[in-house]
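Listed below are the residues making up each chain.
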Amino acid sequence: MCGIVSYKGKLDAREVIIDGLEKLEYRGYDSAGIAVINDCGISCVKKAGKLENLKKALEEDPIEGKVGIGHIRWATHGEANDVNSHPHLSNNGKIAVVHNGIIENYRDLKKELEEEGYKFKSSTDTEVIAVLLEKYYETDLLEAVRKVRKRLVGAYACGIISADEPDRLIGIRQESPLVAGIMEDSFMMASDIPSLLKYTRDVIYLENGDIVDIEGDSYTIYDKDEKVVDREIKKIEWSVDAATKAGYDHFMIKEINEQASVLEELIRLNEKNDEVALDGDSFTKEDLENFERIYIVACGTAYHAGLVGAYALEKFAKIPVICDIASEFRYNDPFIDENTLIILVSQSGETADTLAALRLGKKNGAKTLVLTNVVASSLDREADKTIYCYAGPEIAVASTKAYTTQIISLYMLALDFSLKLGTIGEEKYKEIISEMKKIPEKIKEILDDGEKIKAYANEIKDCDSMFYIGRGLDYKSVIEGSLKLKEVSYIHSEALAAGELKHGTIALIEEGTPVVVVASQENIMEK
C-alpha cells in the first residue's frame, strides 16, 4: 500500500510534502521520493529505505518549488531501490508521476512503447504512465492525462506535474483512494486524511474515475465521463492520531475491518471472466502432471492458512498434500526430488525457517512456489513462482487480513490446478468462483454486527482458559481462532478436533469453561 502527497500553493512544496509523507508512515513502506517544479524544470530526489534517508538527501542537495508530488512506496513491481522508487519521470524528464495501485496491462503497454523507441529505467508499472504521458502530450497536460487514462487497466491514484506547465497539478483516481485538501490559497492531494490535517480540514473525497485539475488559484473536477462536477467539501473533525488509524481505536481492529476491501481487490486482480487468472504465476498442465507430491510449508498463522490450502488442493485438484511447519520440515527427512512441488507461505517473505525450507527444496531439485505479501522479499526472489496477496502492510502484530488473503489465494491456486488437470467440472468451478466473490460482502455483514461480538467478548474476557472445537475444515479454522485469542488477550486457549475432546482433554472442562464451536460443514453437522 503506497502513499501519495501532492501540493500546489504559496508554501514550500518540499516541506509540505515531507510532512505529509511522515503522516503516512504507519502504512509501512520501503522507499520514498519527491519531485518539484522549479527554474530547472523538474527536480527529483528518491531513496530506498526510510523517509529519513530522503530527508538526509534533501539536506545535502535541497530542492525548492511551489508545486510538487511525493510518495512512500510499498513495493509491488520491482525490488525496493532508488531507481524503482517514485516519482517516475518521462524519457524527456518533463513529466513526473506518483502512483498508488497496480496497472494490470503495464507489460503490454511497456512492450508497445519500447517498440516505439521509448526507454525504461525501472521495473515498475508506474513508469509506463509517465512515458505514455510524454507520448500523448502536445500542449495540454489534461488532454494527455485523459488519453492515457483510456489506455490503463487496473487501480490507480496519481499525482502528475509537467515542467511545461509549471502552475498545474493534476490528480486522477480509479479504485485507489485519493483525497483533495482545499486551503485559501493552496491545494493538496493525498492518499489519506492524516497528510492534510496540519494544513486544512476542508477536504473533497474524490470519486472513482475523477480527474482533478488544479491550475492557477482554482480547481476543476471531471467525472468518469469527463463532465465537470461539483464535489462536496467536507469538514474533518478527527484528531491526527485517530486519523492515522482511519478512525479506529487501534490498528488491529482497522485491519480486521479492511479484510472485505482487500479480499475484493485480491479477487478482482486474480479473476477474469469468471475464471482464475494467475497468468505466469502458476504452473502448466504438464508441470502439474509431473508432480508426484506437494508440500505446503509455513509458520504460525501462515501455516494455518496452509492447512486450508491443503484441504482445497486435495478436494478439488485430487492431489495429496502434506502441510508441514517450516521449523520442523527440514528435520522430518522429507521426500524431495525433481517431481516435488513445495508451496511456501509467508506474509513477510523473510521468515527464516520457511526460507531454509525453500533452499532445501531447490537443492534437491524441487519446484517452488511462494505465496507472500512482500514483493522482492527473499522468498520472492529465490522461488520459481510467486503469488502475491495484495493485503498491504499489516501494522498490528496479530495477522488478520494477510491470513484471509492467503486462504483465498490458496483456494484460487487449487481451482487453477483442478481446471488444468480436469478434476473439477465447469459448473462446480463457476459456482465456487461465484461464491468466492460474495465473501467480502459476507465479511462486512459479520463485522456490522459488532455489538453482538462485543457482548460475547465481554462474557469471556476474565476467563483463565477456554477451548475451540471444530471438524474437517472447521478444525483448521479454530486453530487460528485459538491462536488469535492467545496472542491478543493472553487467555490460555486450546484448539481441538471436536471428536478428540472426549479423549482426555474433557477432564479440563468444568463449569464456567467456555467452548467455542465452529460448525459450518453441512456433511458433518450432525456430529
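This structure is a prediction, so every number in the text was calculated from the model and none was measured.

I'd like a description of the packing of aromatic side chains, backed by residues and values.
In total, this model carries five aromatic pairs according to the counting rule given. Between Phe283 and Phe291, the ring centres sit 5.4 Å apart and the planes meet at 90°, which makes this aromatic pair edge-to-face. For the cation-ring pair, Arg146 lies above Tyr222, with the distance from its terminal atom to the ring centre recorded as 4.5 Å.

Talk me through the pattern of salt bridges; I want residue IDs and the actual numbers.
According to the stated counting rule, one finds 42 salt bridges in the structure shown. Arg168 is paired through a salt bridge with Glu215; the nearest N and O atoms lie 3.6 Å apart. Of the two residues, Arg168 is situated in strand S8 (residues 168–174) and Glu215 in strand S12 (residues 211–215); the sequence distance between them amounts to 47 residues. Residue classification places Arg168 among the buried positions, given a relative accessible area of 5%. Through salt bridges that share partners, Asp140, Glu165, Arg168, Asp213 and Glu215 make up one connected network.

So what's going on with the environment of Val36? Which residues, and what values?
Relative to the helices and strands, Val36 is located in strand S2 (residues 31–38). Under the relative-accessibility criterion, Val36 is labelled buried at 0%. Between the C-alpha atom of Val36 and that of Asp274, which follows or precedes it by 238 residues, the distance is 44 Å. Here Val36 is in contact with Ala13, Arg14, Gly41, Ile42, Ser43, Ile63, Glu64, Gly65, Val67, Gly68 and Ile161, once residues within four sequence places are set aside.

Explain the pairing of S12 to me, using residue names and the numbers behind them.
Across the five residues that make up S12, a large majority, four, are buried. Bridge count between S8 and S12: five bridges; the pairing is antiparallel. The residue bridging Leu169 from the neighbouring strand is Ile214, located in S12. With five bridges connecting them, S12 and strand S13 (residues 218–222) associate as antiparallel partners. Looking at the pairing, Ile214 lines up with Tyr219 of S13. Hairpin connection from S12 to S13: two residues lie between these consecutive antiparallel strands, with Gly216 at a positive phi of about 65°.

Can you break down the sheet that holds strand S18 (residues 293–298) residue by residue, with the values?
Strand order in the open sheet formed by five strands is S19-S18-S20-S21-S22, with parallel pairing between adjacent strands. The strands lining the two open edges of the sheet, one partner per strand, are strand S19 (321–325) and strand S22 (385–388). Averaged over neighbouring strand pairs, the angle between their axes works out to 20° when direction is ignored. Note: strand S21 (residues 367–372) against S22, four bridges, orientation parallel. If you follow Leu371 over to S22, its bridge partner there is Ile387. Contacting S18, strand S20 (340–346) and S21, helix H12 (residues 352–363) runs over the sheet at an angle of about 165° to S20.

Describe the sheet that holds strand S23 (residues 465–470), and please don't skip the residues or the numbers.
A sheet is described by the order of its strands in space; here three strands give the open sequence S24-S23-S25, paired in parallel fashion. Both outer strands of the open sheet, strand S24 (492–497) and strand S25 (515–518), are each paired with one neighbouring strand and no more. Neighbour-to-neighbour, the strand axes of this sheet turn through a mean angle of 20°, independent of strand direction. Judged from the four bridges that link them, S23 and S25 form a sheet pairing that is parallel. Each bridged residue has a counterpart across the sheet, and for Ile469 the counterpart in S25 is Val517. Helix-sheet contacts for helix H17 (residues 473–489) involve S23, S24 and S25, and the interaxial angle to S24 is about 175°.

So, the packing of helix H8 (residues 259–270) against helix H14 (residues 401–421): which residues are in play, and what are the values?
Direction vectors running N to C along H8 and H14 enclose 25°, while the axes themselves pass 10 Å from each other. Considered as vectors, H8 and H14 are oriented roughly parallel to each other. Regarding H8 and H14, the two cross each other, and that crossing is right-handed. Together, Gln259, Val262, Leu263, Leu266, Ile267 and Asn270 of H8 and Lys401, Thr404, Thr405, Ile408, Ser409 and Met412 of H14 make up the contact between the two elements. Counted by class, the contact of H8 with H14 contains six nonpolar, five polar and one charged residues.

Reading the values: rules and limits
- Residues numbered from 1 in each chain as written.
- Predicted model: local features only at pLDDT ≥ 70, side-chain atom pairs only at ≥ 80, totals over all residues.
- Heavy atoms only, no water.
- Phe/Tyr/Trp six-rings, centres within 6.5 Å; stacked < 30°, edge-to-face > 60°.
- Lys NZ or Arg CZ within 6 Å of the ring centre and 35° of its normal.
- Salt bridge = Lys/Arg side-chain N within 4 Å of Asp/Glu carboxyl O.
- Helix = DSSP H or I, 4+ residues; strand = E, 2+ residues; numbered from the N terminus.
- Buried < 20%, exposed > 50% of the residue type's maximum accessible area, 1.4 Å probe, protein only.
- Contact = heavy atoms within 4.5 Å.
- Pairing = 2+ DSSP bridges.
- Axes fitted to C-alpha atoms, helices over the stretch in contact; angles between N-to-C directions.
- Parallel < 35°, antiparallel > 145°, perpendicular 65-115°, else oblique.
- Left-handed = near helix turned anticlockwise from the far one by under 90°.
- Nonpolar A, V, L, I, M, F, W, Y, C, P; charged D, E, K, R; others polar.

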